[in-house]
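A structural walkthrough
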Amino acid sequence: MRTVYVIGIGAGDPDHLTLEAVAAMNRTDVFFTIDKGDAKGDLAGLRADLLARHVTRPHRVVTARDPQRDRSAATAGYAAAVGDWQERRAALYERMLADELGDDGAGAFLVWGDPALYDGTLRILDGIGARGGVAFDVVSIPGISAVQALAAAHRVVLNRVGRPFLVTTGRRLADEGPPPGVDDVVVMLDAVDAFAAVPADGPDSRWDIYWGAYLGTPDQVLVHGDLREVRDEIARLRAELRARKGWIMDTYLLRRYAR
């Protein structure tokens, strides 16, 4: 039976790789990677560095071009657009597993952060397995997520005593605003500067923001402050960084002032 590892490799710092991840990488015959174009070549380079540093056994790397994704879809059509993209990825992954991995081989996908948090690889592999065209077992290896890296970089605890925190997306924050009854909100995948429109002037709408981009990498940038005072700075930085690198990965915590 084929074994497919889905290995969390952290938010960007090579030292975030866990001992469990290194052990799984050294049981892998074939690493499957997705080419996202020249703009994200430095991400591919980091994956290559991790293999060179930690994998001591013979292995192959199989790369395929990422299917195009409709990133302009409105909220009502967002789930359908992602579903269509993931179906095309699933067909690609299924061909790679069938053509490149022997019946008793071990393959691996190296995913940013943690496979269980805003990454679709496990879901895609579940769908492939349900179709029955190629047989394999899946092993998920947890990794340090951008959420954890953000909290560590700012030296904060995500939850306050006896209180919850919520992890959501920039799209939902822009459409719905801060969720009622939650004072600590971690936001991922914000492509629209959703923080800039969060009401921040009322007696119950005062927020601090802890923002970080390229967490764990030499390009890491951090900003913390009263949302009213720093949101324009963060919006400017996001635009400048995206223009310079061609992409941006950032995460932030919104924390309501204590009443």
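Shown above is the structure to which this text applies.
Please read these numbers as outputs of a predicted model, since none were measured by experiment. The numbers attached to residues start from 1 for each chain and follow its sequence in the written order. Local features in this predicted model are restricted to residues whose pLDDT is 70 or higher, and side-chain atom pairs enter the listing and the counts only when it is 80 or higher, whereas totals over whole chains, interfaces and linings include all residues. In computing side-chain properties, one takes all heavy atoms of the structure into account and sets aside hydrogens as well as water.

Each helix is a run of H or I in the DSSP string that is no shorter than four residues. Each strand is a run of E no shorter than two, and both are numbered from the N terminus. Residue count minus one, scaled by 1.5 Å, sets the expected span of a helix. Given a rise of 1.5 Å per residue, 19 residues ought to cover 27 Å, and the 25 Å separating the end C-alpha atoms of helix H7 (residues 227-245) matches this to within 8%. Exposure categories follow from relative accessible area, calculated using a 1.4 Å probe and restricted to protein chains: below 20% of the type maximum is buried, above 50% is exposed, and the middle band is partly exposed. Among the residues of H7, Leu227, Val230, Arg231, Ile234, Leu237, Arg238, Leu241 and Lys245 are the ones counted as buried. Down the axis of H7, the smallest arc covering the buried residues is 135°, so these residues share one side. Counted as exposed and oriented over 90 degrees from the buried face of H7: Asp232 and Ala243. Arc definition: it is the arc formed by the directions from the helix axis to the C-beta atoms.

Attention now goes to the nonpolar core. What we call a nonpolar core is a set of buried Ala, Val, Leu, Ile, Met, Phe, Trp, Tyr and Cys residues that are connected through their side-chain atoms within 4.5 Å. Judged by nonpolar contacts, the single largest core of 42 residues is most densely connected at Ile7, Met25, Ile209, Trp211, Leu227, Tyr252 and Leu254. The element best represented in this core is H7, accounting for 5 residues. If you look at the next biggest cluster of nonpolar residues, it comprises 20 residues, including Val6, Phe32, Ala90 and Ile124.

To continue, consider the sheet that holds strand E9 (residues 221-226). As summarised here, the arrangement of the 5 strands in space is E6-E7-E10-E8-E9, forming an open sheet in which the pairing is mixed. Single-partner strands in this sheet number two, and they are strand E6 (166-169) and E9. Averaged over all pairs of adjacent strands, the angle between strand axes in this sheet comes to 15°, irrespective of strand direction. Here, two residues are considered to be in contact whenever any of their heavy atoms come within 4.5 Å of each other. All axes here are fitted lines through C-alpha atoms, helices being fitted over the stretch that makes contact, and every angle between N-to-C directions spans 0 to 180 degrees. Here helix H5 (residues 146-154) sits on the sheet and contacts strand E7 (184-188), strand E8 (207-213), E9 and strand E10 (250-256); the angle it forms with E8, its principal contact strand, is near 110°. Each of E8, E9 and E10 is contacted by H7, which is oriented at about 160° to E9, the strand it contacts most. Paired strands, in this sense, are two strands between which DSSP finds at least two bridges.

Here we come to the sheet that holds strand E4 (residues 106-111). Taking strand neighbours across the sheet as the criterion, the 5 strands line up as E3-E2-E4-E1-E5 in an open arrangement whose pairing is parallel. Across the chains shown, the open sheet's two edge strands, defined by having one partner strand only, are strand E3 (60-65) and strand E5 (136-141). The sheet shows a mean angle of 25° between the axes of neighbouring strands, direction not considered. With 3 bridges joining them, strand E2 (residues 30-35) and E4 adopt parallel strand pairing. If you follow Val30 over to E4, its bridge partner there is Gly107. Against the sheet, helix H4 (residues 121-131) engages strand E1 (2-8), E4 and E5, with an angle of about 170° to E5.

Mapped onto the fold, Val30 is located in strand E2. Sequence-wise, Val30 and His16 are 14 residues apart; in three dimensions their C-alpha atoms are separated by 22 Å. In this view, Val30 contacts Arg60, Val62, Glu100, Leu101, Ala106, Gly107 and Ala108; residues no more than four positions away in its chain are not counted.

The term salt bridge refers to a pairing of a side-chain nitrogen on Lys or Arg with a carboxyl oxygen on Asp or Glu at a separation within 4 Å. Going through the model one piece at a time under the given rule, you end up with 18 salt bridges. Glu100 is the salt-bridge partner of Arg60, the closest N and O atoms lying 3.1 Å from each other. On the criterion of sequence distance, the pair formed by Arg60 in strand E3 and Glu100 in helix H3 (residues 75-100) is long-range, its members being 40 residues apart. For Glu100, a relative accessible area of 31% corresponds to the partly exposed category.

Before going further, it helps to spend a moment on the side chain of Arg238. The residue Arg238 is located in helix H7 in this model. The exposure class of Arg238 is buried, given its relative accessible area of 1%. Two N or O atoms count as a polar contact when they lie within 3.5 Å, although within protein this holds only if one can serve as hydrogen donor and the other as acceptor, and sequence-adjacent residues are included solely when both atoms are side-chain atoms. Engagement of the side chain of Arg238 in a polar contact is seen with the side chain of Asp250, the distance being 2.6 Å. If near-sequence neighbours (up to four positions away) are discounted, Arg238 is found in contact with Asp190, Ala191, Asp193, Phe195, Trp211, Ile248 and Asp250.

This paragraph deals with the pairing of E10. Burial analysis of E10 places 7 of its 7 residues in the buried class, the great majority of the element. Covered by surrounding structure in E10 are Asp250, Tyr252, Leu254 and Arg256 together with Thr251, Leu253 and Arg255, the residues of both alternating faces. Where E7 lies against E10, 5 bridges are found, and the strand directions are antiparallel. From the neighbouring strand, Val186 faces E10, where its bridge partner is Leu253. In the sheet, E8 pairs with E10 via 7 bridges, with the strands oriented antiparallel.

This paragraph deals with the packing of aromatic side chains. Note on aromatic pairs: each is described by the distance of the centres and the angle between the planes. Pairing of aromatic rings covers Phe, Tyr and Trp, the last through its six-membered ring, and needs centres within 6.5 Å; plane angles under 30 degrees mean stacked, over 60 mean edge-to-face, and all others mean tilted. Scanning the model with the defined rule gives 4 aromatic pairs in all. Members of the aromatic cluster, each reached through a chain of ring pairs, are Phe32, Tyr93 and Phe109. Cation placement over rings: the criterion is NZ of Lys or CZ of Arg within 6 Å of the ring centroid and within 35° of the ring normal. For the cation-ring pair, Lys245 lies above Tyr214, with the distance from its terminal atom to the ring centre recorded as 5.2 Å.

Turning our attention to H4. The α-helix winds at 3.6 residues per turn, so residues separated by three or four positions along the chain end up facing the same way. Looking only at H4, the buried set comprises Thr121, Ile124, Leu125 and Ile128. The buried residues of H4 occupy an angular sector of 95° when the element is viewed end-on, so they sit on one face. When the buried face of H4 is taken as reference, the exposed residues oriented beyond 90 degrees from it are Arg123, Asp126 and Ala130. Positive phi shows up at Gly132, right after H4, with a value of about 80°.

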